[in-house]
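# Structural overview for review
Spelled out, the chains give:
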Amino acid sequence: MIEIRNATPDDYEAVGDLTLIAYVGGGFVEAHDPYTNRLRDTAERAEKADVRVAVMEGQIVGSVTIAEPASPYADVAQPGELEFRMLAVSPDARGAGVGSALVRHVLDTAYDRGDRAVVMSTQPDMEDARRIYDRNGFVPVPERNWAPVPGVELTVLVRELV
């Protein structure tokens, strides 16, 4: 069973490590990239957005950051949308439904808040994550694609709720 809950300060180090493993270990971010500091700094994220963890058998096996449009962690969310970022799943838990459970949790959170959509950015080579997003009804919105830094093109996906 997968439990989704708010991250606590006791979780921050594990979440930071897990996020680095997913992004750097997965080959999506270079180890020397300054973005790794943002991926690791769960305390900062939790102060300015909502960090949720997925727990199985007492172990944190996944996390996601949920940001409202006004949050410094929302890159593409517009009014009425909720954004999620930094979805990470432990390599040992991949294939167990953790990523899907976290995405469904974000969708449920947005629905409960009355948001009209959930939005997120992904790299084209994040194929495993993309399958989760596709299964959950996210569709590309090419006119919203963007590049946080030169050479890093992000695809924006939106899931309408209403």
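Our subject is the structure that appears above.
To start, this report covers the structure provided alongside it. Owing to the predicted nature of the structure, the values given are computational and were not obtained by experimental measurement.

We now examine helix α4 (residues 98–113). Every α-helical turn comprises 3.6 residues, leaving residues that sit three or four positions apart pointing alike. Its 16 residues place the ends of α4 23 Å apart at the C-alpha level, agreeing with the 22 Å of an ideal helix rising 1.5 Å per residue. Those residues of α4 not exposed but buried are Val98, Gly99, Ser100, Ala101, Leu102, Val103, Val106, Leu107, Thr109 and Ala110. Once α4 ends, the next one or two residues include Gly114, with phi positive near 90°.

Summarising the sheet, strand β5 (residues 117–122) and strand β8 (residues 152–160) pair through six bridges and their orientation is antiparallel. Counted as the bridge partner of Ala117 is Glu160 from β8. Where strand β6 (residues 139–140) and β8 come together, two bridges link them in antiparallel fashion. When the bridges of β8 are listed, Val139 appears paired with Val158. Pairing geometry for strand β7 (residues 146–149) and β8, over two bridges, is antiparallel. Its bridge partner being in β8, Trp146 is matched across the sheet by Leu154.

Before going further, it helps to spend a moment on the nonpolar core. It is characteristic of soluble globular proteins that their nonpolar side chains tend to be buried jointly. Counting residues in each nonpolar core, the largest one holds 43 residues, and the members touching the most others are Phe84, Val103, Val118, Tyr133 and Phe138. Secondary-structure elements contributing two or more residues to this core are α1 (12–23), β3 (59–67), β4 (81–89), α4, β5, α5 (127–135) and β8. Setting aside chain neighbours within four positions, we find Val103 in contact with Phe84, Leu87, Ile132, Tyr133, Asn136 and Phe138. By size, the runner-up hydrophobic cluster in this structure holds six residues, among which are Ala7, Tyr12, Val53 and Val55.

Further remarks concern the side chain of Ser100. Along the polypeptide, Ser100 turns up in helix α4. Ignoring any residue separated from it by four or fewer positions in sequence, one finds Ser100 in contact with Ile132 and Arg135.

As a further point, take the packing of aromatic side chains. Inspection of every chain in the model, using the stated rule, returns three aromatic pairs. Seen from their ring centres, Tyr133 and Phe138 are 6.0 Å apart, and the 65° between their planes marks the pair as edge-to-face. By way of ring pairs, the aromatic residues Phe84, Tyr133 and Phe138 are connected into one cluster. Of note, Arg38 hangs over the ring of Tyr73, and the distance from its end group to the ring centre comes to 4.1 Å.

Thresholds applied
Residues numbered from 1 in each chain as written. Predicted model: local features only at pLDDT ≥ 70, side-chain atom pairs only at ≥ 80, totals over all residues. Heavy atoms only, no water. Helix = DSSP H or I, 4+ residues; strand = E, 2+ residues; numbered from the N terminus. Expected span 1.5 Å × (residues − 1). Buried < 20%, exposed > 50% of the residue type's maximum accessible area, 1.4 Å probe, protein only. Pairing = 2+ DSSP bridges. Core = buried A, V, L, I, M, F, W, Y, C linked by side-chain atoms within 4.5 Å. Contact = heavy atoms within 4.5 Å. Phe/Tyr/Trp six-rings, centres within 6.5 Å; stacked < 30°, edge-to-face > 60°. Lys NZ or Arg CZ within 6 Å of the ring centre and 35° of its normal.

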